[in-house]
Amino acid sequence: MIAKRIVSCLAAAASLLCACFIYALCRLPVFAGEGYELSCGASSSARVVRTTTPFLFKLTHSVAGESARFAGDVHAELLHAYRAEVLFTESVGGAVSYYCYSPLLGAGILLSGVQVNLHIAVGHGCTAAGTPVIFGGF
């Protein structure tokens, strides 16, 4: 009888530990760049928070989107890393934006009639990447 209770308690503890581990994995930052920004609130553009600890912030807050900055033009590496397909591009103010879909990221948002979940902007000596898109400007 005591052995059954011990086994039940160990099974419950193991299940809880697995659930916590999976929750933590889901909160890992998507990007490895600098200048991390997280979009919080009801929509991904409601409030942009800059942080140096995105993992800790994501553990305790609901996040609708995130972005990071990289030195130089690394858009090709990002496209490859996320197995992304470029859906359309636009050029504004000396920067080129690539609106993409990646099977490795969430559902995204509908832009110009297509589902976008990865936005990469290149210009002025740096690259920004965001999911579903970059908020807070580039």
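Note that this is a predicted model, so its numbers are computed, not measured.

Next up on the list: the sheet that holds strand β5 (residues 95–101). With respect to topology, 7 strands assemble into an open sheet ordered β2-β1-β3-β9-β8-β5-β4, the strand pairing being antiparallel. Among the strands making up the open sheet, the edge pair consists of β2 (47–50) and β4 (85–92). The sheet shows a mean angle of 20 degrees between the axes of neighbouring strands, taken without regard to direction. Inspection of the sheet shows β5 paired to strand β8 (residues 118–123) by 5 bridges, in the antiparallel sense. In the strand pairing of β8, V96 is matched with V122.

What follows concerns the pattern of salt bridges. Summed over the entire model, instances satisfying the criterion amount to 3 salt bridges. A salt bridge links R50 to E37, with the shortest nitrogen-to-oxygen separation between them at 2.9 Å. With a gap of 13 residues between them, R50 in strand β2 and E37 in strand β1 (residues 34–40) connect regions that are remote in the sequence. Residue R50 is classed as exposed on the basis of its relative accessible area, which comes to 61%. Linking R69 and E37 is a salt bridge whose minimum nitrogen-to-oxygen distance equals 3.9 Å. Within this pair, whereas R69 is found in strand β3 (residues 63–71), its partner E37 is found in strand β1, the two being separated by 32 residues in sequence. Each of the two residues, R69 as well as E37, counts as buried. A cluster of three or more residues bridged by salt bridges with shared partners is formed by E37, R50 and R69.

Once that is clear, we can look at unusual backbone geometry. Cis geometry is adopted by the peptide bond preceding P132, which originates at T131 and carries an omega value of 0 degrees. Within the secondary structure, P132 is located in the segment after β9 (126–131). Here the phi dihedral of R83 falls at roughly 50 degrees; this positive angle occurs in a residue that is not glycine. With respect to the helices and strands, R83 occurs in the loop between α3 (75–81) and β4. Backbone geometry at S112 places phi at a positive 50 degrees, although glycine is not the residue there. Looking at the secondary structure, you find S112 in the loop between β6 (109–111) and β7 (114–116). When its relative accessible area of 68% is taken as the criterion, S112 is described as exposed.

Another aspect to go through is the pairing of β4. Relative to β5, β4 runs antiparallel, the two being bridged by 7 bridges. Paired with V92 across the bridge in β5 is A95. Here β4 folds back onto β5, and the loop between the two strands holds 2 residues, one of which, G93, carries a positive phi near 55 degrees.

On to the nonpolar core, then. Ranked by internal contacts, the top residues of the largest apolar core, which has 20 residues, are F31, F70, L78, Y82, L118 and I120. Residue assignment for this core shows that the elements contributing at least two residues are β1, β3, α3, β5 and β8.

A word on the confidence of the model for the chain. When pLDDT is averaged along the chain, the result is 83; 78% of the residues meet or exceed 70. Note that pLDDT drops below 50 for residues 23–27; the model gives that stretch 8 contacts with residues more than four away or on any other chain.

Here β1 runs beside β3; their pairing, made up of 5 bridges, is antiparallel. Residue pairing across strands places E37 opposite S67, the latter belonging to β3. In the sheet, β3 pairs with β9 via 6 bridges, with the strands oriented antiparallel. The residue bridging A71 from the neighbouring strand is C126, located in β9.

Rules and cut-offs
- Along each chain, residues carry numbers from 1 onward, in the same order as the chain's sequence is written.
- In view of the model being predicted, local features appear only for residues whose pLDDT reaches at least 70, and side-chain atom pairs are presented and counted only at 80 or more, with totals across whole chains, interfaces and linings using the full set of residues.
- Hydrogens and water are ignored here; the side-chain numbers use all heavy atoms of the structure.
- Strands were regarded as paired on the criterion that DSSP finds at least two bridges between them.
- Runs of H or I in DSSP of at least four residues are treated as helices and runs of E of at least two as strands, each being numbered from the N terminus.
- Every axis in this analysis is a line fitted to C-alpha atoms, fitted for helices over the stretch in contact. Angles between the N-to-C directions lie between 0 and 180 degrees.
- Salt bridges are identified by distance alone: a Lys or Arg side-chain nitrogen within 4 Å of an Asp or Glu carboxyl oxygen.
- Residue burial is assigned from relative accessible area. The probe radius is 1.4 Å, only protein chains are included, and a residue is buried under 20% of its type maximum, exposed over 50%, and partly exposed in between.
- Among buried residues, the Ala, Val, Leu, Ile, Met, Phe, Trp, Tyr and Cys ones that are joined through side-chain atoms within 4.5 Å form a nonpolar core.
- Every residue is assigned a pLDDT by the predictor, reflecting its confidence on a scale from 0 to 100.
- Any two residues having at least one pair of non-hydrogen atoms within 4.5 Å are treated as being in contact.

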